[in-house]
Protein chains: 2
Amino acid sequence: MNLAILGMGTVGCGIMEVLSMNREKITGLIGEEITVSHVFVSNVDKKRDADLGGAIVTDDINSLLDSDGIDAVIEVMGGMETTRDVLIQFLEKGIHVISANKDMLAKYIDELALVAEENDANLLYEASIAGGIPIVNAIEHGLNANQIHKVMGILNGTTNYILSKMTKDGWDYARALDEAKEKGYAEADPTNDVDGFDAQRKIVLLSRLAYGRKVDIDEVPVTGIRNVELKDISNAGDAGLKMKLVGKSEFDGENVSMEVAPVLLPDEHQLASVEYEKNAVYVMGNAVGETMFYGPGAGGPETASAVVSDLINCARSRGAARTGTRPEAAAHVKASDTAYSYYIRFSSDEAAISNHLAGMNIEYRLVDAADDTTVITGPIGQEQLKKLESDTQHGIRALYQVEGN
Amino acid sequence: MNLAILGMGTVGCGIMEVLSMNREKITGLIGEEITVSHVFVSNVDKKRDADLGGAIVTDDINSLLDSDGIDAVIEVMGGMETTRDVLIQFLEKGIHVISANKDMLAKYIDELALVAEENDANLLYEASIAGGIPIVNAIEHGLNANQIHKVMGILNGTTNYILSKMTKDGWDYARALDEAKEKGYAEADPTNDVDGFDAQRKIVLLSRLAYGRKVDIDEVPVTGIRNVELKDISNAGDAGLKMKLVGKSEFDGENVSMEVAPVLLPDEHQLASVEYEKNAVYVMGNAVGETMFYGPGAGGPETASAVVSDLINCARSRGAARTGTRPEAAAHVKASDTAYSYYIRFSSDEAAISNHLAGMNIEYRLVDAADDTTVITGPIGQEQLKKLESDTQHGIRALYQVEGN
């Protein structure tokens, strides 16, 4: 089986490593050797960690598109519309495509899936959600007897690393971000991670997969962790809560409510013990109930684990569709109508807040009144929350949703 | 597609429920209706919760074996050799078999798998390990790019419920067991669960699957939780450790070391936060690193989730093997040669223990010296551990391995 790899960065090199170190097992499962016949890179002269063997290394994508000998393409190069257009051309030739490109997929997966279907090709993307965690496989195959109504996850390792450092070591945001950059977890421009966009893409892909509905990424509200203060992490910790950047989505059979935001989880929650660069996805199905899948969200061989599993499953199924039904219907993203508890830090003093909340019939317990007044409320509906948030008199300095266990 | 179900207890009724409530999704995935055409039970007159529709309900297994219209058989009736013989006859007719029968499979899976292979039938058993957690699917498909070298899990909900009650509520073993019986988590004769045999079967099935080696269940040492004392749970808690009944297995490429025993896990370990009747399986692969899979270990619809997913995947693959390569080679179970830390409670006083351990060059930290002397040692090799255990002078009252994080 001849394989083309587009991109030879961290994940590309990880794929070469995994194909080499587990060659015997992989060949045994597929029944034939995998040969990396072509590698597409933007700079053919760049020195790379991977031994590319006898592969044709080229910066000319057309030479790959014109080649007759390619059975499957792995795309780990990133990029948006140009990449989409290239992958569509491969799919149109009936060539299977495996992509780790969440940015592009979150926007164009429906378009690509249609072309794949029309040309009897597989479009596989395990690596695009939560790195090495086999969550696509779990939802499409392991849990496919269920109707899934909730998906929630720690989907970004960079922000989880930063929040873990703040929580466990008491570092402030800036110092934790610097360390994440040094360790290679954060990029020079960390926007995609710290502002929540990366998690947004993944919760969109997860929700589409779990509910079988198209979701428009532009409808999904997102709040990052740039403004998270140590004070709130520490207050919440005293109340038995841990801050995590969570992508969450619920489906009522028609609409989804969906959001990416820093959320407070009870210490006993399965997601609360997911630390540093690790990811985890929590899935609720109507037969199985609660499940959770934990593992590495990034990394070369870790992500390659997902890519190569896609490749093995694609090869073993001999063309039979590995992917679930392609969604036809779209679901609109609406605000959640669930009542949640909230952690709120006000600038006013305790007496004023006590009056204020009593006036709105909101129950609460006091967390801290040393400087600001910090409370955790009882369940509040969305109407009432808006009213609270729009009040300017009592100066809300921080507000986080508390997720039930 | 015509389906026969053998057994109509909790899981059988769960299967009927899941097939009914998720009918539309399941039919969509398979492309045809599932009809439960036959149900085999030992007592046809017994009242059942499930609506069996138009199925032929019979206590005559031969009428099913003689029938021409059955495409797949689900076995959820239990039993050992008789059940094996019946399933072999179905497989010989090329009929796919899905079984949740861990007791039988742990002993006879290699025999059944061979017959399945010879007759182009699928033998699927997702529900036999950790109930609703799709761990077979994860290892066979999601992580199949990896060589797996360690599997470890909380594989029995009954014992985990009892240990959680002891740990969280300070109940003693007898009271927690009584409550587990009342809630239906433990059977009248709880031997299989509390003595660790149920977990032993599951770690055997998991290891075979993960390493691709046959494993003889009789070689696997097992210690249950009957003798666990509250005192040790509480001491360990003070030291940041939680007691769990763990099935653990490691593979060095040739041999496996394997054991079921109560083990102490650091509070931060992913398995430590798995409470009450929940199960979880921890898998380490050479590409992906650490992963964990969490969910319900038992229950009607929960287990049915796994059974019905097997059915869907079997039907969708149209006969293409869903199962990995059938192991030919056997791995012998040998004692682990890893050095571990141990929690040890001695009857002697602190001074005597201090001398004793110093004489053996064993480092330790004192956990409690109020009555007995309790320590947590540094890493001890197996030789030295045996020497320690054989010493009768200092009265070892409790000894538990401490698992690293």
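Values in this document were obtained by computation on a predicted structure and should not be read as measured data. Numbering of residues begins from 1 in every chain and follows the order in which that chain's sequence is written. Here the convention is simple: chains get letters from A, ligands get numbers from 1, in the order in which they are written. Given that this is a predicted model, residues contribute local features only at a pLDDT of at least 70 and side-chain atom pairs are listed and counted only at 80 or more, while totals for whole chains, interfaces and linings are drawn from all residues. To get the side-chain values, all heavy atoms of the structure are used, and hydrogens and water are removed first.

Some details on the overall build of chain A
When its secondary structure is counted, chain A shows 14 helices and 15 strands. Here the C-alpha radius of gyration of chain A, 23 Å, is about what a compact globule of 405 residues would show, namely 22 Å. Residue exposure (1.4 Å probe, protein chains only): buried if accessible area is under 20% of the type maximum, exposed if over 50%, otherwise partly exposed. Each of the 405 residues in chain A was classed as buried or not, and the buried ones make up 60%. Restricting the contact set of chain A to residue pairs at least 6 apart, pairs at least 24 apart contribute 72%. For accessible areas, the Shrake-Rupley method is used with a probe of radius 1.4 Å. Any residue's cover is judged against the shown protein chains and nothing else. Per element, the accessible surface of chain A, about 15600 Å² overall, is 43% carbon and sulfur. Across chain A, the centroid of the 36 positively charged side chains sits 2 Å from that of the 63 negatively charged ones. Helix numbers and strand numbers start at the N terminus; a helix is a DSSP run of H or I with at least 4 residues, a strand a run of E with at least 2. Atoms counted for the radius of gyration: C-alpha only. Globule rule: 2.2 Å times the number of residues to the power 0.38. The contact criterion used is simple: two residues touch if any of their non-hydrogen atoms lie within 4.5 Å. His is not counted, nor are the chain ends, whereas Lys and Arg count as positive and Asp and Glu as negative. Charge placement uses NZ in Lys and CZ in Arg. For Asp and Glu, CG and CD serve respectively.

As for a negative patch on the surface
Residues enter patches when their relative accessible area tops 30% and they take part in no salt bridge; the joining distance is 9 Å for like charges and 5 Å for the nonpolar side chains Val, Leu, Ile, Met, Phe, Trp and Tyr. Salt bridges are defined as contacts in which a side-chain nitrogen from Lys or Arg sits within 4 Å of a carboxyl oxygen from Asp or Glu. There is a patch of like negative charges on the surface, built from A:Asp45, A:Asp59, A:Asp60, A:Asp66 and A:Asp68. Turning to its location among the elements, A:Asp68 is positioned in the loop between α3 (61-66) and β4 (72-75).

A few points about the sheet that holds strand β6 (residues 123-124) of chain A
All names here are of chain A. Two strands qualify as a pair provided DSSP detects at least 2 bridges between them. Strand order in the open sheet made by the six strands is β3-β2-β1-β4-β5-β6, with parallel pairing throughout. Strand pairing shows two members of the sheet lacking a second neighbour, β3 (56-58) and β6, which therefore form its edges. Summarising the sheet, strand β1 (residues 2-6) and strand β2 (residues 35-40) pair through five bridges and their orientation is parallel. Note on β2: the bridge partner recorded for Leu6 is Phe40. What counts as an axis is a line fitted to C-alpha atoms, over the stretch in contact for a helix, and the angles between N-to-C directions run from 0 to 180 degrees. Together, β1, β2 and β4 form the strand contacts of helix α1 (residues 10-21), whose direction differs from that of β1 by roughly 155 degrees.

Quick look at the UniProt feature "binding site: NADPH" (unreviewed entry) in chain A
Residues and elements named next belong to chain A. Within this structure's numbering, the places UniProt gives as "binding site: NADPH" (unreviewed entry) are Lys102. Residue class for Lys102 comes out partly exposed when judged on its relative accessible area of 22%. Setting aside residues no more than four positions away along its own chain, Lys102 makes contact with Ser128, Asp198, Arg201, Lys202 and Leu205. UniProt positions are given in the numbering used here, feature names are shortened, and annotations may be inferred rather than shown by experiment.

Structural notes on the pattern of salt bridges
All names here are of chain B. By the definition in use, this model includes 45 salt bridges over all chains. In this structure, Arg84 and Asp85 form a salt bridge, with 3.0 Å as the shortest nitrogen-oxygen distance. Accessibility expressed as a relative area gives 15% for Arg84, which makes it buried. Taking the shortest distance from any N to any O, the salt bridge between Asp372 and Lys231 comes out at 4.0 Å. Separated by 141 residues along the polypeptide, Asp372 in the loop between β13 (364-368) and β14 (373-377) and Lys231 in helix α11 (residues 230-238) bring together distant segments of the chain.

Observations regarding the nonpolar core
A:Phe90, A:Ile135, B:Phe90 and B:Ile135 are the most contacted members of the largest nonpolar core, which has 168 residues in total. With sequence-adjacent residues up to four places away left out, B:Ile135 is seen in contact with B:Glu126, B:Ile129, B:Leu206, B:Val281, B:Val283 and B:Phe293. Working definition of a nonpolar core: buried Ala, Val, Leu, Ile, Met, Phe, Trp, Tyr and Cys residues. They are joined through side-chain atoms within 4.5 Å.

Description of the UniProt feature "active site" (unreviewed entry) in chain A
Residue and element names in this part refer to chain A. UniProt annotation of "active site" (unreviewed entry) refers to Lys202 when read in the numbering used here. Those residues within four positions of Lys202 in sequence are excluded, and the remaining contacts are Lys102, Ser128, Ile129, Ala130, Leu155 and Asn156. Polar contacts, as counted here, are pairs of nitrogen or oxygen atoms within 3.5 Å of one another; within protein the pair requires one atom able to donate a hydrogen and one able to accept it, and residues that are adjacent in sequence qualify only if both atoms are side-chain atoms. Of the polar contacts made by the side chain of Lys202, one reaches the side chain of Asp198; its length is 2.6 Å.

Section: the interface of chain B and chain A
A common way to state how big an interface is: give the accessible area lost once the parts meet. Taken together, the contact pairs 44 residues of chain B with 44 residues of chain A. Buried surface area refers to the total accessible area, computed with a probe of radius 1.4 Å, that the two partners give up upon joining, counted for both partners together. Interface area, chain B with chain A, both sides summed: about 4100 Å², of which 46% is carbon and sulfur. Between chain B and chain A we count two salt bridges in total. For the pair chain B and chain A, the interface holds 30 residue pairs in polar contact (both at pLDDT 80 or more).

Notes on the domain arrangement of chain A
All the domain ranges listed were derived from an automatic or database domain assignment. Segmenting chain A into domains produces domain 1 (2-135 + 302-316), domain 2 (146-255 + 266-294) and domain 3 (341-402). The distance between the C-alpha centroids of domain 1 of chain A and domain 3 of chain A comes to 50 Å.

A word on α1(A)
Residues and elements named next belong to chain A. In this scheme, a helix's expected span is set at 1.5 Å multiplied by one less than its residue total. Taking 1.5 Å as the rise per residue, α1 with twelve residues should run 16 Å; its terminal C-alpha atoms sit 16 Å apart, in good agreement. Within α1, the full set of buried residues consists of Val11, Gly12, Cys13, Gly14, Ile15, Met16, Val18 and Leu19. Where the residues of α1 are buried, they touch β1, α2 (23-30), β2, β4 and α12 (300-316).

Some words on the environment of A:Asp68
Since its relative accessible area comes to 76%, A:Asp68 is described here as exposed. Each C-alpha atom, one on A:Asp68 and one on A:Lys93, is 9.5 Å from the other, the two residues being 25 residues apart in sequence.

Observations regarding the sheet that holds strand β2 (residues 35-40) of chain B
Residue and element names in this part refer to chain B. One open sheet holds the six strands; their spatial order is β3-β2-β1-β4-β5-β6, and the pairing between them is parallel. Because the sheet does not close on itself, it has two edges, and the strands there are β3 (56-58) and β6 (123-124). Each of β1 (2-6), β4 (72-75), β5 (96-99) and β6 touches helix α12 (residues 300-316); the most contacted strand, β5, lies at about 160 degrees to it.

Here's the deal with helix α2 (residues 23-30) of chain B
Residue and element names in this part refer to chain B. All buried positions along α2 are accounted for by Ile26, Thr27, Leu29 and Ile30. Down the axis of α2, the sector holding all buried residues measures 165 degrees, keeping them to one side. Residues of α2 that are buried in the fold lie against α1 (10-21) and α12. One or two residues past the end of α2 sits Gly31, with phi positive at roughly 90 degrees. Throughout, the arc means that of the directions going from the helix axis to the C-beta atoms.

Points about the environment of B:Ala306
Residue and element names in this part refer to chain B. Looking at the secondary structure, you find Ala306 in helix α12. Taking the relative accessible area as the measure of exposure, Ala306 reaches 1% and is therefore buried. Counting along the chain gives 181 residues from Ala306 to Tyr125, while the straight-line C-alpha distance between them is 8.4 Å. In contact with Ala306, other than residues within four places in its own chain, are Glu126, Ala127, Gly131 and Gly132.

Concerning the side chain of A:Asn22
Mapped onto the secondary structure, A:Asn22 falls in the loop between α1 and α2. A distance of 2.6 Å separates the side chain of A:Asn22 from the backbone oxygen of B:Ala145, its partner in a polar contact. A polar contact is formed between the side chain of A:Asn22 and the side chain of B:Asn286, at a distance of 2.7 Å. The contact partners of A:Asn22, leaving out residues within four places of it in the chain, are B:Ala145, B:Asn146, B:Gln147 and B:Asn286.

A short note on the side chain of A:Thr291
One can find A:Thr291 in strand β11 (residues 289-296). The residues touching A:Thr291, leaving out its near neighbours within four places in the chain, are A:Leu143, A:Val281, A:Tyr282, A:Val283, B:Tyr294, B:Gly295 and B:Pro296.

Some remarks on the relation of the copies chain B and chain A
The copies were overlaid with a least-squares fit restricted to C-alpha atoms from residues scoring a pLDDT of at least 70 in each copy. By a simple turn and slide, chain B fits onto chain A: the slide is 0.0 Å along the axis, the RMSD is 0.0 Å, and the turn is 180 degrees. When the rotation and shift are considered jointly, the pair of chain copies conforms to a two-fold rotation axis. Relative to the rotation axis, the C-alpha of B:Phe293 is the closest in chain B, positioned 2.4 Å from it. Both copies present the same face, since 100% of the interface residues in chain B are matched by interface residues at the equivalent positions in chain A.

Focus: the packing of aromatic side chains
Pairs were defined over the aromatic rings of Phe, Tyr and Trp, the Trp ring being its six-membered one, requiring ring centres within 6.5 Å. Orientation was assigned from the angle between planes: stacked under 30 degrees, edge-to-face over 60, tilted for the rest. Counting across every chain of the model gives nine aromatic pairs over all chains. Geometrically, the ring pair formed by A:Tyr161 and A:Tyr276 is tilted, given 5.9 Å between the ring centres and 50 degrees between the ring planes. With a gap of 115 residues between them, A:Tyr161 in helix α7 (residues 157-169) and A:Tyr276 in the loop between β9 (256-266) and β10 (278-285) connect regions that are remote in the sequence. Classification of A:Tyr276 by relative accessible area gives partly exposed; the value is 25%. Here B:Tyr211 and B:Phe251 contribute two aromatic rings whose centre-to-centre distance is 4.7 Å and whose plane-to-plane angle is 15 degrees, an arrangement assigned as stacked. Linking B:Tyr211 in helix α10 (residues 197-211) with B:Phe251 in strand β8 (residues 241-251), this pair joins segments that are 40 residues apart in sequence. No difference in accessibility class separates B:Tyr211 from B:Phe251, as the two residues are buried. Grouping aromatic residues by their ring pairs yields a cluster made of A:Tyr161, A:Tyr185 and A:Tyr276. For a lysine, the NZ atom is tested; for an arginine, the CZ atom; a charge sits over a ring if that atom is within 6 Å of the ring centre and within 35 degrees of the ring normal. Directly above the aromatic system of A:Tyr108 lies the positively charged group of A:Arg84, at a separation of 4.4 Å from the ring centroid.

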